[in-house]
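Analysis of the macromolecular model
Listed below are the residues making up each chain.
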Amino acid sequence: MALAPGLAPARGTRGRSTAELVAALTSRDLHLRYQGSIFGWAWSLVRPLALGLILSFALGKVLGTGITAEFLLAGLFPWFWFQSSVQAAAGTFVGNGGLLKKVRFPRAVLPISVVLGNTLQFLFSVPVLMGVLLLNGHEPSVAWLALPLVFAVQLLLTIGLAFFVASVTVFFRDLEHIVDVLLSLVFYATPIIYAADRVPDSYHWVTVVNPLAPLAEGWRDILLDGEWPTADLVYSVAITVAALVVGWFTFRRLEDSFADGI
Amino acid sequence: MASDPPVVVAARGVSKRFRMVAPGQELKTMLLHPGAAFRARRHRATHWAVRDVSFEVRRGEFFSVVGANGSGKSTLLRILAGLSKPTSGRVEMNGRLTTLLELGSGFHPQVSGRDNAIMNGLLVGMTRREMEALLPSIVEFAGLQEFIDQPMRTYSSGMYVRLGFAIAAFMDPEILLVDEVLAVGDARFQEKCYDHIAALQQKGVTIVMVSHDLAAVERFSDRAALMERGRLIAIGEPRKVVGLHVERLAQSSIEIRTALEEHIHADQEGMERLLAEDPEAAAAFAAALETNPEFHRLMEERAREQEPAAKDPAEPREPGRPGA
């Protein structure tokens, strides 16, 4: 039997073991992140909440755009989920170099568990976001049933990018920093602190090229206006499929040399 | 033992080439000075860490590989373990494989010994339930009863190795690959490990070990092989192979030099921990350094080289720190 590097030893219970491994890695990451801090995972709420409040002051009150805190929050929570996932994924293979060099296990569990950890954090924060919306007079609508759709598209897009960024960073370390910079640019290129319909027609392409734009609009359409997401979401789905394919094949192509590249 | 047990581990013409990153070939140079990088391409240096290595190990055999540091034996073991792909040639493995390669690197210092042990099992394909069933025996073997729920940063390097060995030993392996991890434990625990390995061997487990502990190689191996600059230059009776190794080692001070340099380069942290905790090793190391002026020169050279580079890119990073 020839050895296939990257695959762990064959055992009857392989599938369950891999699932348990992902679960264990995810819970360890979450546990370590808030170990010893008094407010624990509540810190993951502080960042979007604080940014939402200050921006609603700066943009809404000072600049007089009339933008509200709940408008901002409905965009910021999903954005931070995306941002921290991709950012953490960039360092996951490099950061676990010791493990990759010494132990044979399915490498895919590392980016998956990073994204999963951030996803759980996001899911825990959703009730808080909904609470804020309800307090501000938004009523639950039947369109909320579309939330899983937007959620799934964003999750898959994040996973695709995570695989790509994590794999390439092993051989091109600058990518981690490039990702940092790009993320902070994409934040402004995405309709989070403004509505997509305020983008001038000549720049409309920005909201098409950027798969996060229809997603950000989708979250807000559903949560704030009780409307179903628009057909623009198809752009996001197409780019998500592309990201998954490119991310997965890049990972498969490079995973055998991770142990040598770190 | 049966007259001719089947071959369970085989290397067939295994070679591994590493590209050396020389000045002018780094990605940085390529981006900033493409002309210079293009000229440097012609002198692209490669290094054959393992070169055309072939051998077969039969079931139940204890096979050791010796050689100076940098001779390629750890790379060979990594290829056998499936962690690294050979540039050419292939490896055949027949049986459930457990590796004991510098354990401890798979451990997370902030997490308890118990959780690390379970994680280790999950990593190699065990289920949580299987691992929890094994834990009492592992803890007892490692002698860590009162420490198993403490975070592993509080462990000594000996305790690291003991836990690592105990986990691997109880994984019910059919083939056990052992890198020189046992050198860190104390003599009594080492003895216990070798006893356990011998017991595994009795049960028909095949063992492939890479070691500097020549006495142990002679005592336990059925066969040994000697590697030199990536090639397998001798294979046979352990006593003869070890004898040849010692002889050649004495002749070649250049080997010792690269050995020391590469050892520090490969595992600076481990080295520092070892030196801090084991006065004997520290003394032996200091003596080796003092008698080797060439080594001083190399270290100075390295220090000068590293100064402008300043930051280590391999530094583990904290996840999730966005700054939008």
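Residues numbered from 1 in each chain as written. Chains lettered and ligands numbered in written order. Predicted model: local features only at pLDDT ≥ 70, side-chain atom pairs only at ≥ 80, totals over all residues. Heavy atoms only, no water.

Focus: the overall build of chain A
- The helix and strand tally for chain A stands at 12 helices and zero strands.
- The order of α-helices and β-strands along chain A, N terminus first, is α-α-α-α-α-α-α-α-α-α-α-α.
- Taken over the C-alpha trace, chain A has a radius of gyration of 20 Å; the compact-globule value for 262 residues is 18 Å, and the two agree within 12%.
- Projected onto the principal axes, the alpha-carbon positions of chain A cover approximately 65 × 45 × 35 Å.
- The buried share among the 262 residues of chain A stands at 55%.
- Taking contacts inside chain A between residues at least 6 apart in sequence as the whole, the part at least 24 apart equals 79%.
- When the accessible surface of chain A is split by element, carbon and sulfur atoms take 70% of a total near 11600 Å².
- The distance from the centre of the 16 positive side-chain charges to the centre of the 17 negative ones in chain A is 16 Å. (Helix = DSSP H or I, 4+ residues; strand = E, 2+ residues; numbered from the N terminus. Rg over C-alpha atoms; globule rule 2.2 N^0.38 Å. Buried < 20%, exposed > 50% of the residue type's maximum accessible area, 1.4 Å probe, protein only. Contact = heavy atoms within 4.5 Å. Areas by Shrake-Rupley, 256 points an atom, 1.4 Å probe, with all protein chains shown as cover. Lys, Arg positive; Asp, Glu negative; His and termini not counted. Charge placed at Lys NZ, Arg CZ, Asp CG, Glu CD.)

Remarks on the overall build of chain B
- Within chain B, the secondary structure is distributed over 13 helices and nine strands.
- Here chain B holds 324 residues, and 45% of them are scored as buried.
- For chain B, the proportion of contacts with a sequence separation of at least 24, taken over those separated by at least 6, is 73%.
- Per element, the accessible surface of chain B, about 16800 Å² overall, is 51% carbon and sulfur.

Regarding the pattern of salt bridges
- Applying the stated criterion to the full structure yields 16 salt bridges over all chains.
- Ionic pairing is found between A:E217 and A:R220, a salt bridge with its closest N-O pair at 2.7 Å. Here A:E217 and its partner A:R220 are both found in helix α10 (residues 212-225), three residues apart, which amounts to about one turn of the helix. Neither A:E217 nor A:R220 differs from the other in exposure class; each is buried.
- With a closest N to O distance of 3.1 Å, B:R12 and B:E56 form a salt bridge. Of the two residues, B:R12 is situated in strand β1 (residues 7-19) and B:E56 in strand β2 (residues 46-58); the sequence distance between them amounts to 44 residues.
- On the accessibility criterion, B:R12 (31% relative accessible area) is partly exposed. (Salt bridge = Lys/Arg side-chain N within 4 Å of Asp/Glu carboxyl O.)

Details of the nonpolar core
- Membership of the largest hydrophobic core comes to 120 residues, with the highest contact counts inside it found for A:L223 and B:L163.
- With 14 residues, helix α3 (residues 69-90) of chain A is the single largest residue contributor to this core.
- Those residues in contact with A:L223 that sit more than four places away from it in its chain are A:A74, A:L129, A:M130, A:L133, A:H138, A:W144 and A:L147.
- Core analysis: the second largest hydrophobic core is formed by 26 residues, B:V9, B:L76, B:L80 and B:A225 among them. (Core = buried A, V, L, I, M, F, W, Y, C linked by side-chain atoms within 4.5 Å.)

What about the packing of aromatic side chains?
Residues and elements named next belong to chain A.
- This structure, assessed with the given rule, holds 21 aromatic pairs over all chains.
- A ring pair is formed by W248 and F251, whose centres lie 5.3 Å apart and whose planes are at 40 degrees; its orientation type is tilted. Taken together, the residues W248 and F251, both in helix α11 (residues 233-254) and three residues apart, mark about one turn of the helix.
- A residue is classified by how much of its surface remains accessible, and W248, at 35% relative accessible area, is partly exposed. (Phe/Tyr/Trp six-rings, centres within 6.5 Å; stacked < 30°, edge-to-face > 60°.)

As for α11(A)
Residue and element names in this part refer to chain A.
- Between its terminal C-alpha atoms α11 stretches 31 Å, which fits the 32 Å expected from 22 residues at 1.5 Å a residue.
- Those residues of α11 not exposed but buried are L233, S236, T240, A243, G247, T250, F251 and L254. Each buried residue of α11 sits inside an arc of 110 degrees when the element is viewed along its axis, so together they form one side. Facing away from the buried side of α11 by more than 90 degrees, the exposed set consists of V234, F249 and R253.
- Along its buried surface, α11 packs onto α4 (92-95), α7 (147-171), α10 and α12 (258-261). (Expected span 1.5 Å × (residues − 1). Arc of directions from axis to C-beta.)

Some details on the packing of α3(A) against helix α8 (residues 174-189) of chain A
Residues and elements named next belong to chain A.
- It is at 9 Å that the axes of α3 and α8 come closest, and there the two elements cross at 170 degrees. Our classification of the angle between α3 and α8 gives roughly antiparallel. Residue-level contacts link L76, W79, F82, Q83, V86, Q87 and A90 of α3 to E176, V179, D180, L183, V186 and F187 of α8.
- For the contact of α3 with α8, a count of residues per class yields nine nonpolar, two polar and two charged. (Axes fitted to C-alpha atoms, helices over the stretch in contact; angles between N-to-C directions. Parallel < 35°, antiparallel > 145°, perpendicular 65-115°, else oblique. Nonpolar A, V, L, I, M, F, W, Y, C, P; charged D, E, K, R; others polar.)

Brief notes about the confidence of the model for chain B
Residues and elements named next belong to chain B.
- Mean pLDDT for chain B: 77, with 65% of residues reaching 70 or above.
- Ranking the elements of chain B by mean pLDDT puts helix α12 (residues 279-290) last with 57 and strand β8 (residues 223-228) first with 93.
- Counting interchain partners and residues more than four positions distant, the pLDDT-below-50 stretch residues 309-324 has 24 contacts.
- Reported for the predicted complex are a pTM of 0.77 and an ipTM of 0.80. (pLDDT = per-residue confidence, 0-100.)

Thoughts on the packing of α7(A) against α10(A)
Residue and element names in this part refer to chain A.
- Packing of α7 against α10 brings their axes to within 10 Å, and their N-to-C directions diverge by 155 degrees. By the criterion of interaxial angle, the relationship of α7 to α10 is roughly antiparallel. Regarding α7 and α10, the two cross each other, and that crossing is left-handed. Residues L147, V150, F151, V153, Q154 and L157 of α7 pack against L212, L215, W219, I222 and L223 of α10. (Left-handed = near helix turned anticlockwise from the far one by under 90°.)

Some details on the sheet that holds strand β4 (residues 88-93) of chain B
Residue and element names in this part refer to chain B.
- Ordered in space as β2-β1-β4, the three strands form an open sheet in which the pairing is antiparallel. The two strands at the open ends of the sheet, each matched to only one other strand, are β2 and β4. Strand-to-strand twist in this sheet, taken as the mean axis angle between neighbours without regard to direction, amounts to 15 degrees.
- Pairing geometry for β1 and β4, over five bridges, is antiparallel. When the sheet's bridge partners are listed, V9 is paired in β4 with M93.
- Those strands touched by helix α3 (residues 73-80) are β1, β2 and β4, and its axis lies near 60 degrees from that of β2. (Pairing = 2+ DSSP bridges.)

Notes on the sheet that holds strand β3 (residues 62-67) of chain B
All names here are of chain B.
- The strand order across the open sheet built from six strands is β5-β6-β7-β3-β8-β9, with neighbouring strands paired in mixed fashion. Since the sheet does not close on itself, it has two edges, and those belong to β5 (97-100) and β9 (231-236), each with one partner. Across the sheet, the mean angle separating the axes of adjacent strands is 15 degrees when strand polarity is ignored.
- Looking at chain direction, β8 and β9 are connected through five bridges and run antiparallel. Each residue of the ladder has a partner; that of M227, found in β9, is L232.

Concerning the environment of A:A143
Residues and elements named next belong to chain A.
- Looking at where A143 falls in the secondary structure, it is placed in the loop between α6 (109-135) and α7.
- Taking the relative accessible area as the measure of exposure, A143 reaches 0% and is therefore buried.
- In this structure A143 touches I222, G226, E227 and W228, once residues within four positions along its chain are discounted.

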